[in-house]
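Here is how the chains run, residue by residue.
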Amino acid sequence: MTDSGGERGRRSVLGAAALTGAAAALPATAARADTPRARPTPEAPRVTPGDPRYGHLAGRGANRFRGTPDEIRPVESTEQVVRCVQRAVRDGRRIAVRSGGHCFEDFVDHPGVRVVVDTSRMRSVEYDPGTHAFAVEPGATLEEVYRLLHLGWGVTVPGGYCPDVGIGGHVPGGAYGPLCRLHGLLSDHLYAVETVVVDRAGRARAVVAGREPGDPARDLWWAHTGGGGGTFGIATRYWFRSPGTTAATPPERLLPVPPATALTFSARWHWSALDEAAFVRLADNYGRWAERNAAPGSPAAALYAELSLEHRNAGGGPFLFGQVTADGPAAERLLSGLVTAVSEGTARPASITSRRIPWLTAALRGSGENAIGDLRIKVKSGYLRRRFTDRQLAAVHHHLTRKDTAVYGSVALCTYGGRINTIAPDATAAAQRDSVLKLLYLAAWSDPADDAAHLDWIRALYRDVYADTGGVPAPGGDSDGAFINYADADLADPALNTSGIDWQTLYFKGNAAALRRVKARWDPLGVFRHALSVPGR
């Protein structure tokens, strides 16, 4: 999917061609791909400028861009997607796809895109007995996936914290969230994917690719486990089944079983209680806790937290929130231990709240900060294998307390590791498998007149944090590259990335060359492209 599907939404703020099933290891699935399910509408609606639906469909997105495509096609079947793609190729028109709309760059909204395939009508979530897996269409939001899987079978997938993210763009970027320290990335549970691709002759077709050894399209499955969206084709269906399960596993055990309840929590510090030394100590304490508690199998894997360091202009201060999925007193102990560790030698939080609620309620609520509205957003990202240095934290403090700007922005430090780090870096396309924190740098505003100020601010912050490595989180040291679902086209700009490390290595590390081979095989004409799409050979 072109839609990158950011996990958190905001903070504080794609004539019909024949369908070919390529996965020999998935005979039931392949047959399904050859015969798409019947749909009531033989052609997808064609929404053009002037249509009352156009404004909403063209404007869905958590970014600062607005596209002007010639047409938008709200599809509801794989067959319709094939037809849309075939027409676009025939007519020489650039095509993009959108699911939930949470793309932070202009992947969908680029002025060169003339046809947008909108998959938001494809929302089915069901158990597929033919593949012994759960089939999910790309337009389903995380809220719908969580609700239907849990209420129907008592299972879930370890996806993101923002319920209105579409699954279509979420999965191929790797996808993480509150349960990942216990169960791995959402993409680690991807069993198969149906993708509309275009061959060298310009023929659009649907291919089913699975993870089983010997599957002739296994490389296409692999690319969808962290290679990012909008590169290889248009995903029209995902199947999920956890590693280690078999055809004999009952549906109620094919995916992780979430706990009955979750202990949700939040704590806030006020800027008035934090000078630079106290701020650095607080953030360093949090990093130390993350280092100590990132081992696979650690009891602390049940605790997911985000420390959001907000600009002083927001009027608050550092904000810690998350959830603990351990039972009873164990959850209280984990939370108390975290707050105590973060506060050691510095200020105690001005407020702490916690509440035990049903797990599904917590999942559907997310971070409590999911409204996007008309905000203009720029994000950057990073992974930390070890905590920030004092120099880096001093740079963060400087930019969060600057008085020469009226921007709003933040740096969020999200707990990572646990089961995520039990997977080999090349087993999936998501290569970062020994980090303890994932980072989100964010600037958010509403007035286009404020674009320059916010872009300048976040670029200066990022540059100064990574001043020792050319302004980017170079892999291999304390940092380990960037997260493709928090798309940042600046990494491909040599004026902003002076490290000598290309953007593909920053996002994909040692998997970049293999991803280029997948691209050359499955999209040899370069039909699916954007600023950060993997190039061919």
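Taking an unreviewed UniProt entry as the reference, the chain is identified by name as FAD-binding oxidoreductase belonging to Streptomyces qinzhouensis. The chain has a UniProt comment under Cofactor (unreviewed entry) that states "FAD". Word for word, the UniProt comment on the chain under Sequence similarities (unreviewed entry) is "Belongs to the oxygen-dependent FAD-linked oxidoreductase family."

(A) Spotlight on the UniProt feature "domain: FAD-binding PCMH-type" (unreviewed entry) in the chain. Annotation from UniProt places "domain: FAD-binding PCMH-type" (unreviewed entry) at residues 65–245. Taken end to end, residues 65–245 has its terminal C-alpha atoms 42 Å apart, with 22% of it in helix and 24% in strand.

(B) Seen up close, the packing of helix α8 (residues 276–292) against helix α9 (residues 328–343). Put simply, α8 and α9 touch, their axes get as near as 7 Å, and they point 135° apart. With respect to their mutual orientation, α8 and α9 come out oblique. Only Gly-337, Leu-338, Ala-341, Val-342 and Ser-343 of α9 make contact with α8, whose side of the interface consists of Leu-282, Asn-285, Tyr-286, Trp-289 and Arg-292. Among the residues forming the contact of α8 with α9, the class breakdown is six nonpolar, three polar and one charged.

(C) Representation of the environment of Leu-334 within the structure. Tracing the chain through its elements places Leu-334 in helix α9. In the structure, Leu-334 is positioned 10 residues away from Val-324 in sequence and 7.8 Å away in space, judged by C-alpha atoms. Excluding residues that lie within four positions of it along the chain, Leu-334 makes contacts with Pro-299, Ala-300, Ala-302, Leu-303, Val-324 and Ala-326.

(D) Looking closely at helix α12 (residues 451–465). Under the 1.5 Å per step criterion, the end-to-end length of α12 is 21 Å for 15 residues, consistent within 8% with the ideal 21 Å. Turning to α12, its buried residues are Asp-451, His-454, Leu-455, Trp-457, Ile-458, Ala-460, Leu-461, Tyr-462 and Val-465. If you follow the buried residues of α12, they end up packed against β13 (376–384), α11 (390–400), β14 (409–415) and β15 (437–445).

(E) The arrangement of helix α14 (residues 512–522) in detail. Those residues of α14 not exposed but buried are Ala-512, Leu-515, Val-518, Lys-519, Ala-520 and Trp-522. Among the structural elements, β6 (190–198), β7 (204–210), α7 (218–223) and α13 (503–508) are those in contact with the buried residues of α14.

(F) Just unusual backbone geometry, in detail. Of note, His-132 is a non-glycine position whose phi angle comes to about 55°, a positive value. When you line up the elements, His-132 lands in the loop between β4 (125–128) and β5 (133–136). Overall, the relative accessible area of 25% leaves His-132 in the partly exposed class. The phi dihedral of Ala-175 falls on the positive side, at around 70°, and the residue is not glycine. Along the chain, Ala-175 falls in the loop between α5 (167–170) and α6 (180–183). Using a relative accessible area of 0% as the deciding quantity, one classes Ala-175 as buried.

(G) Quick peek at the pattern of salt bridges. Summed over the entire model, instances satisfying the criterion amount to 39 salt bridges. Of the charged contacts, one joins Lys-378 and Asp-488 as a salt bridge, the two residues approaching to 2.8 Å between their closest N and O atoms. Within this pair, whereas Lys-378 is found in strand β13, its partner Asp-488 is found in the loop between α12 and α13, the two being separated by 110 residues in sequence. Classification of Asp-488 by relative accessible area gives buried; the value is 1%. For Asp-434, the salt bridge identified is with Arg-385, shortest N-O distance 3.0 Å.

(H) Up close: the environment of Ala-330. With respect to the secondary-structure elements, Ala-330 resides in helix α9. Along the backbone, Ala-330 and Ala-302 are 28 residues apart, and their C-alpha atoms lie at a distance of 9.7 Å.

(I) Region of the structure containing the side chain of Ser-266. Inspection of the secondary structure puts Ser-266 in strand β9 (residues 261–268). Of note is the side chain of Ser-266, whose polar atom sits 2.8 Å from the side chain of Thr-353. Beyond its immediate stretch of four places on either side in the chain, Ser-266 contacts Phe-319, Leu-320, Phe-321, Ser-351, Ile-352 and Thr-353.

(J) Fine view of the packing of aromatic side chains. For the structure on display, the rule yields 20 aromatic pairs. Here Tyr-161 and Phe-321 contribute two aromatic rings whose centre-to-centre distance is 6.2 Å and whose plane-to-plane angle is 25°, an arrangement assigned as stacked. In this pair, Tyr-161 is assigned in the loop between α4 (142–153) and α5 and Phe-321 in strand β11 (residues 319–324), connecting sequence segments 160 residues apart. For the pair Tyr-462 and Tyr-466, a centre-to-centre distance of 5.0 Å together with 75° between the ring planes defines the contact as edge-to-face. Taking the relative accessible area as the measure of exposure, Tyr-462 reaches 2% and is therefore buried. Classification of Tyr-466 by relative accessible area gives buried; the value is 1%. Through pairs of rings, three or more aromatic residues link up here, namely Phe-104, Tyr-176, Tyr-383, Tyr-416, Phe-483 and Tyr-486. Between Arg-241 and the ring centre of Tyr-191, over which it is positioned, the NZ or CZ distance is 4.2 Å. The ring centre of Phe-483 lies 3.4 Å from the NZ or CZ of Lys-438, which sits over that ring.

(K) Structural view of the nonpolar core. Ranked by size, the top nonpolar core spans 108 residues in total, and within it Ile-167, Phe-240 and Tyr-441 carry the most contacts. A per-element tally of this core places α8 first, with eight residues. Viewed by domain, this core spans two of them, domain 1 (48–258) and domain 2 (261–510), each represented by three or more residues. Grouped together as the second largest cluster of nonpolar side chains are 24 residues, Tyr-383, Ala-430, Ala-444 and Tyr-486 included.

Quick notes on the rules
- Numbering of residues begins from 1 in every chain and follows the order in which that chain's sequence is written.
- Local features in a predicted model are, by the rule used here, given only for residues with pLDDT of at least 70; side-chain atom pairs are given and counted only at 80 or more, and totals for whole chains, interfaces and linings are based on all residues.
- Working from all heavy atoms in the structure, the side-chain values ignore hydrogens and water.
- UniProt positions are given in the numbering used here, feature names are shortened, and annotations may be inferred rather than shown by experiment.
- Segments assigned H or I by DSSP are reported as helices when at least four residues long, segments assigned E as strands when at least two residues long, and all are numbered from the N terminus.
- A fitted line through C-alpha atoms represents every axis, and for helices the fit uses only the stretch in contact; the resulting angles, taken between N-to-C directions, go from 0 to 180 degrees.
- Reported orientations rely on four angle classes, namely roughly parallel under 35 degrees, roughly antiparallel over 145, roughly perpendicular from 65 to 115, and oblique for the rest.
- In what follows, residue pairs with any heavy atoms lying within 4.5 Å of each other are defined as contacts.
- Gly falls in the polar group here, along with every residue not listed as nonpolar (Ala, Val, Leu, Ile, Met, Phe, Trp, Tyr, Cys, Pro) or charged (Asp, Glu, Lys, Arg).
- Any helix carries an expected span of 1.5 Å times its number of residues minus one.
- Burial here depends on accessible area, computed with a 1.4 Å probe over protein chains only, as a share of the maximum for the residue type. Under 20% is buried, over 50% is exposed, and the range in between is partly exposed.
- By definition here, a salt bridge exists when the distance from a side-chain nitrogen of Lys or Arg to a carboxyl oxygen of Asp or Glu is within 4 Å.
- Pairing of N or O atoms within 3.5 Å defines a polar contact, subject to two protein rules: one partner must be a possible hydrogen donor and the other a possible acceptor, and residues neighboring in sequence count only if both atoms are side-chain atoms.
- Note on ring pairs: Phe, Tyr and Trp rings are taken, using the six-membered ring of Trp, and paired if centres are within 6.5 Å. Classes follow the plane angle, with under 30 degrees stacked, over 60 edge-to-face and the rest tilted.
- Lysine NZ or arginine CZ positioned within 6 Å of the ring centre and within 35 degrees of the ring normal marks a charge as sitting over the ring.
- Throughout this description, the term nonpolar core refers to a set of buried Ala, Val, Leu, Ile, Met, Phe, Trp, Tyr and Cys residues connected via side-chain atoms within 4.5 Å.
- Segmentation of the chain into domains, including their bounds, is taken from an automatic or database domain assignment.

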